[in-house]
Amino acid sequence: MQHPPARVVTTAIAEGLVSSTIARSVPLAAQVDLTMRCNERCLHCYRVVESRPELTADEIERVLGELARAGTLYLTFSGGEIFLRSDLFRLIERARRLRFDVRLKTNALLVDDAAAARVRALGVRQVDVSLYGAAAPTHDAITQVRGSFARTLDGVRSLRAAGVKVKLAYPLMSVNVAELAAVRRLATELGAAVGVDPMITARNDGHTAPVALRLSGGLLQRFLAETPPPPSAAPAADAPEPGHGPTIDDVPCSAAHNACYVSAYGDVMPCVAMPVACGNVREESFDAIWQRSTKMLEVRAIRVSGLRGCSDCDAARFCTRCPGQALIEDGDLHGPSQAACEHAVASARAAGSTATPPPLSISARPLTLTH
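Residues numbered from 1 in each chain as written. Predicted model: local features only at pLDDT ≥ 70, side-chain atom pairs only at ≥ 80, totals over all residues. Heavy atoms only, no water.

> Break down the overall build of the chain for me, with residues and values.
Scanning the chain for helices and strands turns up 12 helices and eight strands. Within the chain, the fraction of its 371 residues that count as buried is 53%. Of the contacts formed within the chain by residues at least 6 apart in sequence, a portion of 73% connects residues at least 24 apart. Total accessible area on the chain is roughly 16,000 Å²; 54% of this is exposed by carbon and sulfur atoms. (Helix = DSSP H or I, 4+ residues; strand = E, 2+ residues; numbered from the N terminus. Buried < 20%, exposed > 50% of the residue type's maximum accessible area, 1.4 Å probe, protein only. Contact = heavy atoms within 4.5 Å. Areas by Shrake-Rupley, 256 points an atom, 1.4 Å probe, with all protein chains shown as cover.)

So this is what it looks like as structure tokens:
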């Protein structure tokens, strides 16, 4: 069955699209989690499984229609493990009929040749596959599932054989940093891109166990020194990150401006990394939550100039502050993030700069999360 082309824009107009959607509060990019169930038990996972019922296929299809009407172009299906849903392809097909640019996030354990062929036939733009090492001992120790490394690579090979674009998502941790170069070689052998993220976050319920896996200052600085900085504006085909756009001095990140997150339980949040439930699609429409939720509007009103300890920081150009991380780990959506400050110091040193953040002034405000 022929599906309509995704509403893809060219790289040349990506920056304008980002600026325009931020200015008009259009949810250009949305992540929808299809399930919190997973067939891996990763040491660094920040997700929290709840006892509430997950959205049904009918409910998700309704939400997709609401997102399309709100102006969403880039749609990411994630989880949990999305291939655990027996109705996954039904949901992808619906999304493609609505002409979303669809991206999937998976561990690929359940991806075989038939599933890969279906993904290709449905016109999915890219599949991000989680990888945690260049060999089984490291990867399997992190996932806590024996044989997961081999199965993940089998899934990647099936996707590539079907002609699907694959990006390996490599969270960089103290337990796998030594294999980074080998992972990059492996990605080349597989015909896949690779994305490396050194920022391991606390769980969305505030539990800080994953933080212990972060790179130390010296290792982080070494990684940053060897890694070229990201472009000032990501290509449209990679679902732009508005935080890197021309409004960075005004808007601290894309959350609540032109990006949002819908959890598997129906909660609408400014971002997957900012567990602030602004409403639930079982109780009201996405548009009502996006346009009128008090919490959503509060996040949308945040500006860099109003961030305590951040607006006059001479290391700001090296900073990757995440408001959600500042909330979860430091208890203040409007204050500095210790993790971001440490990252900024490492980035500055890697660039040969002496710029440093001011002394941290973490607020003692009570932590407010999802519920």
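> Before we move on, can you summarise the environment of Thr227 with the specific residues and values?
Relative to the helices and strands, Thr227 resides in the loop between α8 (217-226) and β7 (259-262). Residues Thr227 and Ala350 lie 123 residues apart in sequence; the distance between their C-alpha atoms is 9.6 Å.

> I'd love a proper account of the packing of helix α2 (residues 57-70) against helix α3 (residues 88-97), names of residues and values included.
Across the interface, α2 lies against α3 with an axial gap of 10 Å and an inter-helix angle of 15°. The orientation of α2 relative to α3 falls into the category roughly parallel. The chirality of how α2 crosses α3 is right-handed. Side by side, α2 and α3 meet where Ala57, Asp58, Ile60, Glu61 and Leu64 of the first sit next to Arg90, Leu91, Arg94 and Ala95 of the second. (Axes fitted to C-alpha atoms, helices over the stretch in contact; angles between N-to-C directions. Parallel < 35°, antiparallel > 145°, perpendicular 65-115°, else oblique. Left-handed = near helix turned anticlockwise from the far one by under 90°.)

> Kindly report on the pairing of strand β3 (residues 101-106), identifying the contributing residues and their values.
Judged by how many residues are buried, β3 sits mostly within the fold: five of six residues are covered. Two elements, strand β2 (residues 74-79) and β3, share four bridges in a ladder whose sense is parallel. Within β3, the position partnered with Leu75 by the bridge is Val102. You can see the chain leave β2, run along α3 and come back into β3, and the turn it takes is right-handed. Pairing of β3 with strand β4 (residues 126-130) involves four bridges; the strand directions are parallel. Paired with Leu104 across the strands is Val127, a residue of β4. Read from β3 through helix α4 (residues 113-121) to β4, the crossover connection turns out right-handed. (Pairing = 2+ DSSP bridges. Right-handed = clockwise from strand over helix to strand, strands pointing away.)

> Tell me about the sheet that holds strand β6 (residues 193-197), residues and numbers included.
The mixed open sheet is built from eight strands, whose spatial order is β6-β5-β4-β3-β2-β1-β7-β8. Both outer strands of the open sheet, β6 and β8 (268-269), are each paired with one neighbouring strand and no more. In this sheet, strand β5 (residues 166-171) lies alongside β4 in parallel orientation, the contact comprising four bridges. Paired with Asp128 across the two strands is Lys167, which belongs to β5. On top of the sheet, helix α6 (residues 148-161) reaches β4 and β5; it is set at about 165° to β4, its chief contact.

> How would you explain the side chain of Asp101 if you had to name every residue and give the values?
Tracing the chain through its elements places Asp101 in strand β3. Reaching out from Asp101, the side chain makes a polar contact with the side chain of Arg125 at a distance of 2.5 Å. (Polar contact = N/O pair within 3.5 Å; in protein donor to acceptor, adjacent residues only side chain to side chain.)

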